[in-house]
Amino acid sequence: MKSEEVVRGMLYLSLTVVGVPGNTAVIVAFLLALYQEHQLLPADAIVLHLACANLLVVGVRCLLETLATFRLVNIFGDTGCQGVIFVYRTSRSLSIWLTFVLSAYQCLSIATPGSCWASIRVLVARYLAVIFLTLWVINTSMSSAAIAFSLGSRNDSVNMQHSINVQFCYVRFPTMQSKQVNGAVQVGRDVVPMGMMTLASLVILVFLYRYSQQVKGLRSSSGASGGAERRAAKAVVALVTLYVVLYGVDNGLWVYTLTVRKTMSSSLISDLRIFFSSLYAALSPLVIIATNRKVNSRLRCVVQERPVQDKATTLSTV
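Heads up: these notes are all about the structure in this document. (Residues numbered from 1 in each chain as written. Predicted model: local features only at pLDDT ≥ 70, side-chain atom pairs only at ≥ 80, totals over all residues. Heavy atoms only, no water.)

**A closer look at the sheet that holds strand E2 (residues 163–166)**
- Strand order in this open sheet of three strands is E1-E3-E2, and the pairing throughout is antiparallel. At either end of the open sheet lies a strand with only one pairing partner, and these are strand E1 (150–152) and E2. When strand polarity is set aside, the average angle formed by the axes of neighbouring strands in this sheet is 25°.
- Pairing of E2 with strand E3 (residues 169–172) involves four bridges; the strand directions are antiparallel. When the sheet's bridge partners are listed, Ile-164 is paired in E3 with Val-171. (Pairing = 2+ DSSP bridges. Helix = DSSP H or I, 4+ residues; strand = E, 2+ residues; numbered from the N terminus. Axes fitted to C-alpha atoms, helices over the stretch in contact; angles between N-to-C directions.)

**Quick word on helix H5 (residues 128–142)**
- Helix length check: H5, at 15 residues, gives a terminal C-alpha distance of 21 Å against a target of 21 Å (1.5 Å per residue), a fit within 8%.
- Where H5 is concerned, the buried positions are Leu-128, Phe-132, Leu-135 and Asn-139. One face of H5 carries all of its buried residues, which in axial projection span an arc of 65°. Exposed and oriented more than 90 degrees from the buried face of H5 are Ala-129 and Leu-133. (Expected span 1.5 Å × (residues − 1). Buried < 20%, exposed > 50% of the residue type's maximum accessible area, 1.4 Å probe, protein only. Arc of directions from axis to C-beta.)

Structural data, given as structure tokens:
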């Protein structure tokens, strides 16, 4: 095995090792909260959905790339490439849009009670399932090109023009124009939520700065509420910052691949794109675990209960 293949496999393995357990832990924590409380707050439901999308990104793309790189399992035939790229693109874009929905909802949550923005927040909470379904339909439709144009790498018997080399697969477009149009749609799907979530985060930061100035030096019960708002804002701003940095690099590399008229013989650029976009899916659960008290408390209870159960099992066998 070549050294570059080993490095590639280890990078995808690191994303798998971090992303799969991290997102699974977040999902388990919220499912425990749902079981115990019989409901989830709208913000928690959004984060749960985000963790599910991120788990799909890491599990479907990074795990399968790792297995194929180390020649353990390789499903990247024509059908495998179509399925993997379709699910990856859909879950990746869902992750982006759900991060925007989370930042927008957090922005609406600081609105003054009785205002029109507070009414919008109530509507968002009421029709959250409809929003999720709409995002699934839109992003699934926009990822359909992967089914039409993806091929296994064994088809590289001739030089395929207007194609994107993704190591084990090729995404072959019929013309250069169709390649550029599809690429522009993908970039727009990322840039639009990026701008909106950045704006929402700025609104949150401005509000919290003004709020901190108003209550500065005062000791009252409102301090706890301010602390909770600051923690929620830090979590959202951290996720948005992580998204802007990583997906900014991803989209920059994607635009570069669209400007290259000849199919690249190396998949290095595509590998870097997938790595940076999957890095968000792998690291975001760590941000959620570190900043979300509900997730923290549920995971802590699970960790604390296991030694007790193990001890009880040991005593029963003595």
